[in-house]
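Architecture and fold: a report
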Amino acid sequence: MTPLHPSTGTPAANPQATDPDTLHTHLTAHLPGAARTWLDRALTEAAAHPGTHGPISVWELRLAEAGRRCGPGYADAARVLILHAARADTEAITRVYFQGTGPERRAVLHALPHLVPGPDALPLVEDALRANDTGLLAAAVGPYAARHLDAHQWRHAVLKCLFTGVSVGAVADLERRARADAELARMLGDYAAERTAAGRPVPEDLHRVLALTEPGSARPPHGSAHPHGKES
C-alpha cells in the first residue's frame, strides 16, 4: 500500500523505487510553496557544494532540517534528493548514517540504490538488519539489499522481517530470490514449528514466502526488474 502524507492525504512516492528525477517531480507537485522553495534551495546548495567542506557540509545540515521543512510524509524523499544532489559517496553516506538520527539513517538506506553501484555500503545494511527499528529494517531490505546481500544474509533478513512484524512486501525482489530456495523453506518451517509449539500464531507473511520457495512457484512477469540490472 502506498504511504500517504499524514497532513494532506496525498500519496508519498517510494524513495527507493523511484528515480531521482521522478521523485523530484512528485515532491514539486505535492509540497506546499514554502517547503518547495526550501527544497529547491537545499538541492542547489548541495549541487554547488558537494562532498565535505569543514566539520559538516551544508547539505548535511539540510538533511537534519528536512523533517521540519517538508513534513514527515515527504522528508525521506527530500533527504534522498539532497544526498543525490550532493553526489554523496560511500564515505560521506557512512558518516551520515552513523552520526545521524533514525530518520537520517533511514534516508541513507533509501538512497543506496541511487548512489552506490557496488557492495561497498553493505555494512550499513548489515547494521540496520541488526537493529529492532522497524523503519530501518524496512528500508534495509530494499533494492540495494536484493542486489548485494548473499543468500545467507538475505534469508536472515527475511526472517528478521517476520520476527519484527515488518511486512515482507518491503523485501525487494522477494519472488525471484525466494523461488525454489530449499534452505529458506527449511528455516521458515522451523520458525513456524517453534511458533506453533509455543502456542503463538504463525504470521500470514510466512505462508506467503513459503509458497514462493516451492520449485513450481510463479515466475515474475517478463521484463520485471532484475537486481543485477540498472536500479531506479
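Since the structure is predicted, the reported quantities are computational estimates derived from the model, not experimental observations.

**Brief notes about the overall build of the protein chain**
Helices and strands together make up the secondary structure of the protein chain, namely 13 helices and zero strands. Secondary structure elements of the protein chain, listed N to C terminal, follow the sequence α-α-α-α-α-α-α-α-α-α-α-α-α. For the protein chain, the residues scored as buried account for 47% of the 232 residues in total. For the protein chain, long-range pairs separated by at least 24 residues make up 69% of all intrachain contacts whose partners lie at least 6 apart in sequence.

**Re the nonpolar core**
In terms of nonpolar packing, the biggest core is built from 66 residues, with Trp 59, Leu 83, Ile 93, Leu 109, Leu 112, Val 125 and Leu 174 touching the most fellow members. Excluding its chain neighbours within four sequence positions, the residues that come into contact with Val 125 are Leu 109, Leu 112, Ala 140, Tyr 144, Ala 145 and Leu 149.

**A closer look at the packing of helix α2 (residues 33-48) against helix α4 (residues 75-85)**
Here α2 crosses α4 at 25°, and the two axes come no closer than 8 Å. Classified by the angle between their axes, α2 and α4 sit roughly parallel to one another. The element α2 and its partner α4 pack so that their crossing is right-handed. Only Ala 78, Leu 81, Ile 82 and Ala 85 of α4 make contact with α2, whose side of the interface consists of Trp 38, Leu 39, Ala 42, Leu 43, Ala 46 and Ala 47. Class assignment of the residues belonging to the contact of α2 with α4 gives a composition of 10 nonpolar, no polar and no charged.

**Description of the packing of aromatic side chains**
Under the criterion given, the structure shown has two aromatic pairs. On the numbers, 4.9 Å between centres and 85° between planes, the contact of Tyr 97 with Phe 98 is edge-to-face. Exposure remark for Tyr 97: the relative accessible area of 0% places this residue in the buried category. Judged by centre distance (4.8 Å) and plane angle (70°), the ring pair of Phe 163 and Tyr 191 falls under edge-to-face.

**Regarding the side chain of Arg 195**
Within the secondary structure, Arg 195 sits in helix α12 (residues 182-197). Buried Arg 195, no salt bridge; nearest opposite-charge side chain is Glu 194, N-O distance 8.1 Å. Ignoring any residue separated from it by four or fewer positions in sequence, one finds Arg 195 in contact with Arg 200, Pro 201, Val 202 and Pro 203.

**Examining the side chain of Asp 181**
Mapped onto the fold, Asp 181 is located in the loop between α11 (174-178) and α12. There is a polar contact of 3.0 Å between the side chain of Asp 181 and the side chain of Arg 155.

**Points about the packing of α12 against helix α13 (residues 204-212)**
Between α12 and α13, the shortest axis-to-axis distance is 9 Å and the interhelical angle comes to 155°. As summarised for this structure, α12 and α13 are arranged roughly antiparallel, according to the angle between their axes. The crossing of α12 and α13 is left-handed. Contacts between α12 and α13 involve Leu 184, Ala 185, Leu 188, Tyr 191 and Ala 192 on the former and, on the latter, Leu 206, Val 209 and Leu 210. Looking at side-chain class alone, the contact of α12 with α13 contains eight nonpolar, no polar and no charged residues.

**What to know about helix α7 (residues 122-130)**
Within the sequence span of α7, burial applies to Leu 122, Leu 124, Val 125, Asp 127, Ala 128 and Leu 129. Here the buried face of α7 lies against α5 (90-99), α6 (102-115), α8 (134-140), α9 (143-148) and α10 (151-164).

**Let's talk about unusual backbone geometry**
The phi torsion at Arg 87 lies on the positive side, around 50°, for a residue other than glycine. Topologically, Arg 87 is positioned in the loop between α4 and α5. One non-glycine residue, Ala 180, lies in the positive phi region at around 60°. As for its placement among the helices and strands, Ala 180 is situated in the loop between α11 and α12.

Definitions and limits used
Residues numbered from 1 in each chain as written. Predicted model: local features only at pLDDT ≥ 70, side-chain atom pairs only at ≥ 80, totals over all residues. Heavy atoms only, no water. Helix = DSSP H or I, 4+ residues; strand = E, 2+ residues; numbered from the N terminus. Buried < 20%, exposed > 50% of the residue type's maximum accessible area, 1.4 Å probe, protein only. Contact = heavy atoms within 4.5 Å. Core = buried A, V, L, I, M, F, W, Y, C linked by side-chain atoms within 4.5 Å. Axes fitted to C-alpha atoms, helices over the stretch in contact; angles between N-to-C directions. Parallel < 35°, antiparallel > 145°, perpendicular 65-115°, else oblique. Left-handed = near helix turned anticlockwise from the far one by under 90°. Nonpolar A, V, L, I, M, F, W, Y, C, P; charged D, E, K, R; others polar. Phe/Tyr/Trp six-rings, centres within 6.5 Å; stacked < 30°, edge-to-face > 60°. Lys, Arg positive; Asp, Glu negative; His and termini not counted. Salt bridge = Lys/Arg side-chain N within 4 Å of Asp/Glu carboxyl O. Polar contact = N/O pair within 3.5 Å; in protein donor to acceptor, adjacent residues only side chain to side chain.

These figures come from the coordinates and say nothing about function on their own.
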